Structures are given as C-alpha cells and as structure tokens.
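Residue-level structural notes
One letter stands for each residue in the lines below.
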Amino acid sequence: MHRSGTSALGGVINALGAAGPKTPLPSHAANPRGFFESAPLALAHDALLALAGSSWLDWRQLDQQRMNSKATEPCRQKIKQLLIDEFGDEPLIVIKDPRTCRFVPFMSSILDEMNVSPVALLPVRNPLEVAYSLHRRDKITLPESLLLWLRHVLEAEYHSRHMPRYILSYEGFLVDWRKHMDRAAEKTGVVWPAQPDQSDVKIEQFLTTDLYHERSTLEDVHNHPDVTSLVRETYQILSTIAAGDEDNGLLAQLDIMRTRFDEACETFSVAMATEELAVAQLRGELSARSTETEQVRQENSRLASFLEQQSVEIRGLADAT
C-alpha cells in the first residue's frame, strides 16, 4: 500500500544488491531519499488502471473483464518492454510500485512470459499512519484512505499466496532491518548479492527514523471513529502474520475480510458512481465559471488600461492648453 514504507524497503533491497530501475522517479518532499520506483513504469500502470476504469486512489474492485480485454493488450506489451528497458538482464531486480497491488495476476503473467520468478515482500503499516500520511501529502480524507489501504492490502496478500513471500511490520523493519532482511531471504530463497561491509553502512545512513512522521498505536486504531471493523480486524490479522508465520486459519480469516469488503463495495458502488458523476459535473461547472471569471478579469484589466491611457492623454491636452 502507498505510504506503507515501500520506498524504505525498496531502498534497502537496492542497497543489498538488487538492481533498481534505470529511470527512477525523482525524489521530492514526500520522499526526499527517493522512491526506488520506475517513472515510466508508474505511468504505464496508471494508463492500465485508466483503461480498466480505475485509478491509483480507487478503492473499489477492478473490472476484470476490462482489465483482461483486448483494449489493455497494448498496455501489457508496453509494460513488458519497459521491464526489459528498465532492468535489462540483471539477475536480481526490485520492482516497487504500490499500484501493482491491484493487478498482481496481470503483472505475474508478464513476468512469467519473461521467465522471471517473482517473490513478494509486503510491508504492513498501521492504517491510521497511512491515512494521515496520505492526507498530509494528497489531502485525501481519512475514511477514503482507510478504504484504499484495505483494498490494497487484501488484494496484495491474496494474489501473492502462490509466490515465495514475506510479510513484515514496517515499524519493526525500521527498528531492525537486518533481522527482517535475513528473514525475508530465508522465507523466499533470495540471496542478497551485496557484501555486508558495503551494504550495512549505506543502509544505516539511508534508513533513519527522522522521516517517520505519522505515529499511531494499536489503541488508536481501536478507538478512532473512522476505523471500521473491517480495517481493524484486517490489520490485526496481518500484524499477527508479520509477527510470526502465516497459517491456513489466518488466511481463511483474511478471505472472510475480503468477501465482506467486496460485498460492501458492490452494495454502495452504484451510489458512489452517482455521487462521482455529480462531483464531476460540479467540477465542470466550476471550471466553466472560472474561465468566465478569468475572461471578465482580463476584459476589466484591458478596460482599466484603456481608461488610464485616455486619462493620460486628457491630462496631456490640458497641460498643453
């Protein structure tokens, strides 16, 4: 999920020897130490979601018919070529983009065609911290951010079950990254290429807690009025998995959470679509009025300039007489 420590995790994996993209997203205030994410690949993923009638901040189910239609085939080929361009024939790469939580099967099939064997590393962060971070960066409301968190973590967990994977606590990762990266290697079979004497110093300089701005506790999750039971229970289950090992009982509980969420989304999707259409119409009207206002402002400015010029000419004639 976005704002869950994926950039921190991507940076550590890169320092441990996994190749990053050749064209990374530039750092900015939200991620001053970088995203470790391919800029052209992120744009291609946005285009794919748009073709499916969605976007990175849409928490509803994807339309799988649209996702797997002929219309997305050019996007599929573009993503495949970008993976080749961005990573070449590197033996170990890190593909980091939270958008892929929404279309893991789509991406997996591309990697399979390329004879790339994927493993999944899934950081789990307190959903309130994620929501506060999204609100600070993108002005997204807390309830919407929490729904977005729920959609991403449930789909990422479910669709990565067939892969070697490791689910880890973001907070725990910041405290002891070496423990978690050793555990990740053990669980997935990945061998980190970098020598410890080279990677450790680099990671210690990179992975500091000064950028860990949003802090919330488990008690906050239980007591906050915007945190629904679905979000709370899903976070508890994922935290339990991150603290130990996953088992069929915990995965079955996540299946229940996902089913409940999908049923709720289906119930409210029509109302949401109607509301979004109304919002889009209002935005169109506001845009039109803004254009009209700007035209009036420019006309008034031209008129004021004309009157000022006329005033200067009149004063000049008066002085001449």
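As a reminder, the structure under discussion sits directly above these lines.
Reference entry: report on the structure contained in this document. (Residues numbered from 1 in each chain as written. Predicted model: local features only at pLDDT ≥ 70, side-chain atom pairs only at ≥ 80, totals over all residues. Heavy atoms only, no water.)

With that settled, the discussion passes to the pattern of salt bridges. One pass over the structure, following the stated rule, counts 24 salt bridges. Measuring nitrogen to oxygen at the nearest pair gives 3.0 Å for the salt bridge that ties Arg60 to Asp58. Residue classification places Asp58 among the buried residues on the basis of a relative accessible area of 9%. Across the pair Glu157 and Arg165 runs a salt bridge, and its minimum N-O distance is 2.8 Å. The structure contains a network of salt bridges with shared partners spanning Glu157, Arg161, Arg165, Glu246, Asp255 and Arg258. (Salt bridge = Lys/Arg side-chain N within 4 Å of Asp/Glu carboxyl O. Buried < 20%, exposed > 50% of the residue type's maximum accessible area, 1.4 Å probe, protein only.)

Further remarks concern the packing of aromatic side chains. Tallying each qualifying case throughout the model produces three aromatic pairs. Measuring from centroid to centroid gives 6.3 Å for Phe103 and Phe106, while their planes differ by 85 degrees, and the two rings are edge-to-face. Residue classification places Phe106 among the buried residues on the basis of a relative accessible area of 7%. Ring geometry for Trp149 and Tyr235: centres 6.3 Å apart, planes at 75 degrees, overall edge-to-face. Within this pair, whereas Trp149 is found in helix 7 (residues 142–159), its partner Tyr235 is found in helix 12 (residues 229–243), the two being separated by 86 residues in sequence. When sorted by exposure, Trp149 lands in the same class as Tyr235, which is buried. Directly above the ring of Phe106 sits Arg76, whose terminal nitrogen or CZ lies 5.6 Å from the centroid. Geometry around Tyr158 places Arg258 over its ring, the cationic atom sitting 3.7 Å from the centre. (Phe/Tyr/Trp six-rings, centres within 6.5 Å; stacked < 30°, edge-to-face > 60°. Helix = DSSP H or I, 4+ residues; strand = E, 2+ residues; numbered from the N terminus. Lys NZ or Arg CZ within 6 Å of the ring centre and 35° of its normal.)

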